[in-house]
Amino acid sequence: MKSLLALLSRHEEATLRKIGFGVDDPLEQAHVRRLLQLELIEWVGGSWRLTPVGRRRHERLVNEVALPFAA
């Protein structure tokens, strides 16, 4: 639950989105470490993946961005 409620910086949120969308851009290691500490991401098969909690957090971020544009 802590991982869902923890405050993330804009840069940490951006890193979470990149991982969630599978973007191959270089990731800031400090942001990766923080997301890893919060158990939002994990290293699987040679790349970063969202954990189940990370997926829920990612969905929430994506929905927050989409809300202002909803009709």
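Described in the following lines is the structure provided in the data block. Just so we're clear, the structure is a prediction, and the values are computed from it rather than from any experiment. (Residues numbered from 1 in each chain as written. Predicted model: local features only at pLDDT ≥ 70, side-chain atom pairs only at ≥ 80, totals over all residues. Heavy atoms only, no water.)

### Brief notes about the overall build of the protein chain
Note the threshold: Here a strand is any run of E in DSSP of at least two residues, a helix any run of H or I of at least four, and the numbering for each starts at the N terminus. Contacts are assigned to residue pairs with any non-hydrogen atoms lying within 4.5 Å of each other.
Secondary structure assignment for the protein chain yields four helices and two strands. Counted from the first residue to the last, the protein chain has its helices and strands arranged as α-α-α-β-β-α. Put simply, of all contacts in the protein chain between residues at least 6 apart along the chain, 51% involve residues at least 24 apart.

### So, the packing of aromatic side chains
We count it as follows: Classification of ring pairs rests on two measures: the distance between centres of Phe, Tyr or Trp rings, Trp counted by its six-membered ring, which must be within 6.5 Å, and the angle between planes, read as stacked under 30 degrees, edge-to-face over 60 and tilted in between.
Within this structure, the stated rule accounts for one aromatic pair. Their ring planes at 75° and their centres at 5.0 Å tell us that W43 and W48 sit as a pair that is edge-to-face.

### Here we look at the nonpolar core
Which entries qualify depends on this criterion: Definition used in this section: a nonpolar core is a set of buried Ala, Val, Leu, Ile, Met, Phe, Trp, Tyr and Cys residues joined via side-chain atoms within 4.5 Å. Three exposure classes are used, based on accessible area relative to the maximum for each residue type with a 1.4 Å probe and protein chains only: buried under 20%, partly exposed in between, and exposed over 50%.
The biggest cluster of nonpolar side chains holds eleven residues, and these are A6, L8, L16, I19, V32, L35, L38, L40, I41, L50 and L61. Contributing elements (two or more residues each) for this core: α2 (10–21) and α3 (29–37).

### So, the pairing of strand β2 (residues 47–50)
Which entries qualify depends on this criterion: Strand pairing is assigned whenever DSSP detects at least two bridges linking the two strands.
As judged from the four bridges shared by strand β1 (residues 41–44) and β2, these two strands associate in the antiparallel manner. Each bridged residue has a counterpart across the sheet, and for V44 the counterpart in β2 is S47. Taking the residues between adjacent antiparallel strands as the criterion, β1 and β2 are bridged by two residues, where G45 takes a positive phi near 55°.

### So, unusual backbone geometry
The backbone phi angle of E39 is positive, close to 60°, even though this residue is not glycine. Residue position: E39 is located in the loop between α3 and β1.

### Structural notes on α3
Residue pairs three or four apart in sequence face the same way in an α-helix, which turns once every 3.6 residues. Quick note on the threshold: Summarising the geometry, the arc corresponds to the directions from the helix axis toward the C-beta atoms.
Every buried residue of α3 is listed here: H31, V32 and L35. Considered in projection along α3, the buried side chains sweep an arc of 100° and stay on one side of the axis. Among the exposed residues of α3, those oriented more than 90 degrees off its buried face are R33 and Q37. Packing partners of the buried residues in α3 comprise α2, β1 and β2.

### Focus on the packing of α2 against α3
Spelled out, the test is: The angle between two axes is taken between their N-to-C directions and runs from 0 to 180 degrees, where each axis is a line fitted to C-alpha atoms and a helix contributes only its stretch in contact. In what follows, roughly perpendicular refers to angles from 65 to 115 degrees, roughly parallel to angles under 35, roughly antiparallel to angles over 145, and oblique to any angle outside these ranges. Each residue is assigned to one of three groups, with Ala, Val, Leu, Ile, Met, Phe, Trp, Tyr, Cys and Pro labelled nonpolar, Asp, Glu, Lys and Arg labelled charged, and all others, Gly among them, labelled polar.
Axis separation between α2 and α3 bottoms out at 9 Å; the angle between their running directions is 80°. Relative to α3, the element α2 lies roughly perpendicular. On α3, the residues touching H11, E12, T15 and L16 of α2 are H31, V32, R34 and L35. Looking at the contact of α2 with α3 residue by residue, the classes come out as three nonpolar, three polar and two charged.

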